[in-house]
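# Notes for the structure review
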Amino acid sequence: MSKVFAIGNYDCKMKMRKISFWLITILITIYTLLDTIPSNYTRSMDVFNNHKYVALRIMKDTMQLLSIYIAFLCGDCLLKDERLGISEMMASTSLKKREYIYGKFIGNISISTAILFIVTVICTIPQIFMHPNAFELKPYVMSFIILGIIPVIFISGLATYLPYYIRSSKVFLVIFILYWALCEFAEFKGIEYIKYIGYAKFKIFQGQGISPPELGPVLNMCFLLAVGIIPVVVLANTKYMKDIGRI
Amino acid sequence: MKIELQNVSKSFSKNKALANVSLEIDKGIFGLLGRNGAGKTTMMRLISNILRPDEGKVLVDGKDINAHEGYMQSILGYLPQNYGLYPYLTAYETLDYFTRLKGITSSEDRRSQINQILKRVGLIDKKNVKISKFSGGMKQRIGIAQAVLGNPKVIIVDEPTAGLDPEERMYFKNILAELAEDKIIILSTHIVSDVEDIGSRLAIINEGKLIFSGSTNTLIDRVSGLTYETVIPQNDVEKYRKEYCIVSTIHTGNEVKMKYVTTHNLIANSKKVTASLIDSYIYSIGGLER
């Protein structure tokens, strides 16, 4: 396991040193803050005093931009190692293929969660000051886990295995953006991960906050986890790299 | 310690990269010479157990490395021909990453090994500098440093000096020579002087076939007394190429100073010269192509 965490840890560290990581974090934070701190006009609306609603809104705003950035940031994690020739050096060590793949997957989840966490914390702070006596932490934590972490696992999984199978991180990114656009703007109701967030958005527009999950979102949550995790497990346990067969 | 290749063959699609190669490699520096595309890298990968042979076996101390999963990886340090390093990591972090992948779990062991090897390759004062700020030669030193981590018994370096300036190349060769005391070091290259300077034994591969294996002196002896030099008009080079094995040509105006190996008739005004390793190598691979 130490090798898995070493790969995950260093992968995460490298991505955090990219300027784009900090730029996108700042951008998402500003966008989310502007959308969740009520203006003079909306201050009187009850929904902005409802922490469930605000927590969902923070997560919805964050995930909208973050999902594409994760696809961009993490989409070349395996191909880049091949391109740089690092895979061959790794193959000469005692590293096993599954340790490598799981390490990359954990790295992708870690970096995505890090952005999500930073944005959520920063955007939650104004809420504490706005409602000093009535602040509730639970809705923020719950929305972070359900609406944040689960899509993060889904996108991180996709970004780990899909570019490898289609042999191009750029094509993957285009496919992902099209998919995202279909979900976001065309109300594509097939297999979209946004559906779960869509559920939350529906509630937001209704101004009701979140209610106990219905079957659709729960099934969708299962779908997200399965699509995010199972192919990674399959890739980790099948032959990797055609002529560099060791890892 | 000994590495043996027994009738090893490897093909990629219809291309036969290695054909029925048998070879023994003992402790010390072993040079592997050949043209680009001769099959050197395939051979390095087969010995590293990164590739599996289609036929034949690779034995290390009598153990078939394909049958003993992970054995070769536990004693191997490998520097591939085309490799990169993560630009966002520092020299220390890069080596720490590889020590972890090599299974060195103790942080104290890792720290001491990394500092030791960084001193050895002359980069201890750059340990916290990002790889993106390193020159090609410095990156090559980090490459060899990662190969040496974990004190491997076998070190394989594939074309390590390509693209380095003369000073860096000499520095690199000195590092290899220092390391060779109790290890097998296999140096794959197409630069003959690299082997000449630090290796006493070598093999030559041409078009996937092993055409020589032995000491550098034995290789030179093959053309000793058979190497001649002459000056001919430039237009005659192609004519002589058909009859003689030309090992070097130096163009000076309309004339060409040509070195060749022959066992029969001499070209007019030829004089016998001392054969070098490169003459013998070029002769072994069939002379200059152009």
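Here, the structure is the one placed above.
Residues numbered from 1 in each chain as written. Chains lettered and ligands numbered in written order. Predicted model: local features only at pLDDT ≥ 70, side-chain atom pairs only at ≥ 80, totals over all residues. Heavy atoms only, no water.

### Focus on the interface of chain B and chain A
Rules: Residue contacts follow a heavy-atom distance rule, with two residues in contact if any of their heavy atoms lie within 4.5 Å. The term buried area denotes the loss of accessible surface (1.4 Å probe radius) that occurs when two parts are joined, taken as the sum for both partners. Under the rule applied, a polar contact is a pair of N or O atoms within 3.5 Å (in protein, one hydrogen donor and one hydrogen acceptor; residues adjacent in sequence only if both atoms are side-chain atoms).
Contacts between the two partners involve 31 residues from chain B and, on the opposite side, 27 residues from chain A. Both sides of the chain B and chain A interface together cover about 2800 Å² of buried area, and 61% of this is carbon and sulfur. By the criterion of area lost to chain A, the three top residues of chain B are Y86, Y88 and L101 of chain B, representing 25% of everything that side buries. At the junction of chain B with chain A, the criterion picks out eight residue pairs in polar contact (both at pLDDT 80 or more).

### Structural notes on a nonpolar patch on the surface
Residues and elements named next belong to chain A. Applied cut-off: Patches here are clusters of residues that have more than 30% relative accessible area and form no salt bridge, with a 9 Å joining cutoff for like charges and a 5 Å cutoff for nonpolar side chains (Val, Leu, Ile, Met, Phe, Trp, Tyr). In these tables, accessible area is a Shrake-Rupley quantity obtained with a 1.4 Å probe, and a residue counts as shielded only by the protein chains included in the view. By definition here, a salt bridge exists when the distance from a side-chain nitrogen of Lys or Arg to a carboxyl oxygen of Asp or Glu is within 4 Å. Put simply, DSSP marks the helices as runs of H or I at least four residues long and the strands as runs of E at least two long, and each gets a number from the N terminus on. Burial classes follow relative accessibility: with a 1.4 Å probe on protein chains only, a residue under 20% of its type's maximum area counts as buried, one over 50% as exposed, and anything between as partly exposed.
Nonpolar side chains collect at one region of the surface, where Y165, I166, V171, I175, I230 and V234 lie side by side and expose about 500 Å² of accessible area between them. Going through the elements one at a time, α7 (138–166), α8 (169–185) and α10 (215–236) are the ones with two or more residues in the nonpolar patch. As for its placement among the helices and strands, V234 is situated in helix α10. Among the residues examined, V234 registers a relative accessible area of 43% and is labelled partly exposed.

### Quick look at the sheet that holds strand β14 (residues 271–272) of chain B
All names here are of chain B. Convention followed: Pairing between strands requires that DSSP locate at least two bridges from one strand to the other. Only the stretch in contact is used when fitting a helix axis, every axis being a line fitted to C-alpha atoms; angles between N-to-C directions are given from 0 to 180 degrees.
Overall, antiparallel pairing links the four strands, which are arranged β12-β13-β11-β14 in an open sheet. With one partner strand each, in any of the chains shown, β12 (245–252) and β14 form the two edges of the open sheet. Sheet topology note: the strand β11 (residues 227–233)/β14 ladder contains two bridges and is antiparallel. Bridge assignment links Y228 to a residue of β14, and that residue is K272. Together, β11, β12 and β13 (255–261) form the strand contacts of helix α10 (residues 277–284), whose direction differs from that of β12 by roughly 120 degrees.

### Notes on the pairing of strand β9 (residues 201–206) of chain B
All names here are of chain B. Of all six residues making up β9, five are buried, and the element is well covered by its neighbours. Bridge analysis of strand β3 (residues 28–34) against β9 gives five bridges, and the strand direction is parallel. If you follow L32 over to β9, its bridge partner there is A203. As defined by bridge partners, β9 adjoins strand β10 (residues 209–215) across six bridges and the pair is classed as antiparallel. In the sheet register, R201 faces β10, and the bridge partner there is S215.

### Observations regarding the pattern of salt bridges
A complete count under the given rule lists 21 salt bridges over all chains for this structure. With a closest N to O distance of 3.1 Å, K15 of chain A and D11 of chain A form a salt bridge. Highlighted residues: K15 of chain A and D11 of chain A, both in helix α1 (residues 2–16), separated by four residues, approximately one helical turn. The shortest N-O distance in the salt bridge between K40 of chain B and E159 of chain B comes to 3.4 Å. Of the two residues, K40 of chain B is situated in helix α1 (residues 40–47) and E159 of chain B in the loop between β7 (154–158) and α6 (166–179); the sequence distance between them amounts to 119 residues. A relative accessible area of 4% places K40 of chain B in the buried class. Look at the salt bridges and you will find they share partners, linking D11, K15, D81 and K104 of chain A into a network.

### A look at the packing of aromatic side chains
The test is simple: Any Phe, Tyr or Trp ring, taking Trp's six-membered ring, that has another such ring centre within 6.5 Å forms a pair; planes under 30 degrees apart are called stacked, those over 60 apart edge-to-face, and the others tilted. Geometrically, a charge over a ring is one whose NZ (Lys) or CZ (Arg) sits within 6 Å of the ring centre while staying within 35 degrees of the ring normal.
Tallied over the full model, the rule gives 12 aromatic pairs over all chains. Here the aromatic rings of Y10 of chain A and Y97 of chain B are separated by 5.3 Å at their centres, their planes lie at 80 degrees, and the arrangement is edge-to-face. Placement of the pair is Y10 of chain A in helix α1 and Y97 of chain B in helix α3 (residues 91–101), with the two residues belonging to separate chains. Taken as a pair, Y10 of chain A and Y97 of chain B share a single burial class, namely buried. Each ring, one from Y86 of chain B and one from Y97 of chain B, has its centre 5.6 Å from the other, and the planes form 75 degrees; the classification is edge-to-face. Highlighted residues: Y86 of chain B in the loop between β6 (76–79) and α3 and Y97 of chain B in helix α3, separated in sequence by 11 residues. Y97 of chain B carries the same exposure label as Y86 of chain B, and that label is buried. An aromatic cluster of at least three residues, connected via ring pairs, comprises Y10 of chain A together with Y86, Y97 and F98 of chain B. Directly above the aromatic system of Y71 of chain B lies the positively charged group of K63 of chain B, at a separation of 4.2 Å from the ring centroid. The ring of Y240 of chain B has K239 of chain B sitting right over it, with the charged end atom 4.9 Å from the ring centre.

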